[in-house]
Amino acid sequence: EIYRASTTAPVNIAVIKYWGKRDPKLNLPTNSSLSVTLSQSDLRTHTTASCSPSYPASDSLLLNGSPQDVSGARTQACFRELRALRKQLEDADLAVPKLSAMPLKIVSENNFPTAAGLASSAAGFAALVRAIANLYELPASPTALSRIARQGSGSACRSLFGGYVGWEQGSAVDGSDSVAFQVAPANHWPSMRAIILVVSAAKKGVSSTTGMQATVATSSLFASRTSEIVPRRMAEMQKAIQEKDFETFGKVTMMDSNSFHATCLDTYPPIFYLNDVSRAAIKVVEEINASAGKIIAAYTFDAGPNAVIYYLEENEVQVAGLFKAMMGEKEGWKSERGEKVQGNEQ
Ligand code: DP6
């Protein structure tokens, strides 16, 4: 007998960046962060989790057809936590099948480049955790699942919610209060759009995990970022979202991306995620905003050169239209994808 469940999880793109861990084992961050969950149409991970007493003894994970190592601490932590919750159900009712004792087989497909700075680990771990939670029929809330997904990859905790999502850094040493929360559902501000400029689909140079550890250890700008700048921006950003104030949303998004990349440059040895094409995209956004006389487009970059541009639907022609037109001309811009904000939580 084979038990099986499937789910999809979307990518999220932070407007206030997570960068730095106070506990690398539990992925507990040095600052809170905030992201927008993008629609599942294009950027998502589809995952099927299954288990069976007839499977080979060890757990397995296939990603885009190739076998992955599941012995890593992050994947193990997710498996362990989910099995423990299933065990509780089994212990409480002896009629509940003992799935927690069976080997797991996870099959995942990404429809976007893995590890190219397109937040693939976020969708990946969010989908893995929810697929197993569905398989185990756990009565766990998105908040409870976010605590588990965070241990797979920090940013994954934010992909358990749709819309505008915060991740509270928390203060407990066991990480119990370091969970995601919904700032506003997608339909609160449904005209938000994101365009993704894929500059490079190549695997990034310095992984987020390695990069942020180096920044924590060496950057002199980092302390003021976590203690003053981000806490202030978290409040500003939540207010901007509540009030649907794109000018503030856009300005804070761009400044926080710049601040994050400044701490990367301030890391020793320095980390460069942006390249010439990224900087050209920043310039285009500045030109768009200058000719509009206000902020109608905002760029942000994760741990790679690809740009994500946020804008409102009403400015589609001025923002996305211009980028699409330029894409044909400028060398280096491989493709672009328009995304809406993802609505529901499932
Ligand atoms: C720049 O979540 O990939 O995208 O917890 O080590 O897996 P780990 O890091 P990860 O870092 C994401 C960093 C970022 C900013 C963000 O998404 O908030």
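The structure we're discussing is the one just above.
This one's a predicted model, so the numbers in the text were calculated from it and none came from an experiment. Position labels on residues start from 1 in each chain and follow its written sequence. Only residues with pLDDT of 70 or above have their local features reported here, since the model is predicted, and side-chain atom pairs are shown and tallied only from 80 upward, although totals for entire chains, interfaces and linings are computed over all residues. As a rule here, side-chain values cover all heavy atoms of the structure and leave hydrogens and water aside.

## Describing helix α7 (residues 276-292)
Here's step 1: Each helix corresponds to a stretch of at least 4 residues labelled H or I by DSSP, and each strand to a stretch of at least 2 residues labelled E; elements are numbered beginning at the N terminus. A helix's residues, less one, multiplied by 1.5 Å, set its expected span. With 17 residues, α7 ought to run about 24 Å at 1.5 Å a step, and its terminal C-alpha atoms sit 24 Å apart, in line with that.
Here's step 2: Listing the buried residues of α7 in full gives Val277, Ser278, Ala281, Ile282, Val284, Val285, Ile288 and Asn289. Down the axis of α7, the buried set is contained in an arc of 160°. They therefore lie on one face. Turned more than 90 degrees from where α7 packs its buried face, Asp276, Lys283, Ala290 and Ser291 sit exposed.
Here's step 3: Contacts described as polar in this section are N or O atom pairs within 3.5 Å, which, within protein, must combine one atom able to donate a hydrogen with one able to accept it, while residues neighboring in sequence count only if both atoms come from side chains. Its side-chain oxygen placed 3.0 Å from the backbone nitrogen of valine 277, asparagine 275 serves as the N-cap of α7.
Here's step 4: Glycine 293, located one to two residues past α7, shows a positive phi value of around 75°. The buried label applies to any residue whose accessible area, calculated with a 1.4 Å probe on protein chains only, is under 20% of its type's maximum; exposed applies above 50%, and partly exposed to all values in between. Arc, as used here, means the arc of the directions from the helix axis to the C-beta atoms.

## Brief notes about the pairing of strand β10 (residues 164-167)
Here's step 1: Burial of β10 is two-sided: the residues Tyr164 and Gly166 facing one way and the residues Val165 and Trp167 facing the other way are all buried.
Here's step 2: Paired strands, in this sense, are two strands between which DSSP finds at least two bridges. Taken together, the 4 bridges between strand β5 (residues 33-37) and β10 define a ladder with antiparallel strand orientation. Residue valine 36 lies in a different strand from β10, and its bridge partner there is tyrosine 164.
Here's step 3: Of the strand pairs in this sheet, β10 and strand β11 (residues 180-184) are connected by 4 bridges, and their pairing is antiparallel. Within β11, the residue paired with valine 165 across the bridge is glutamine 182.

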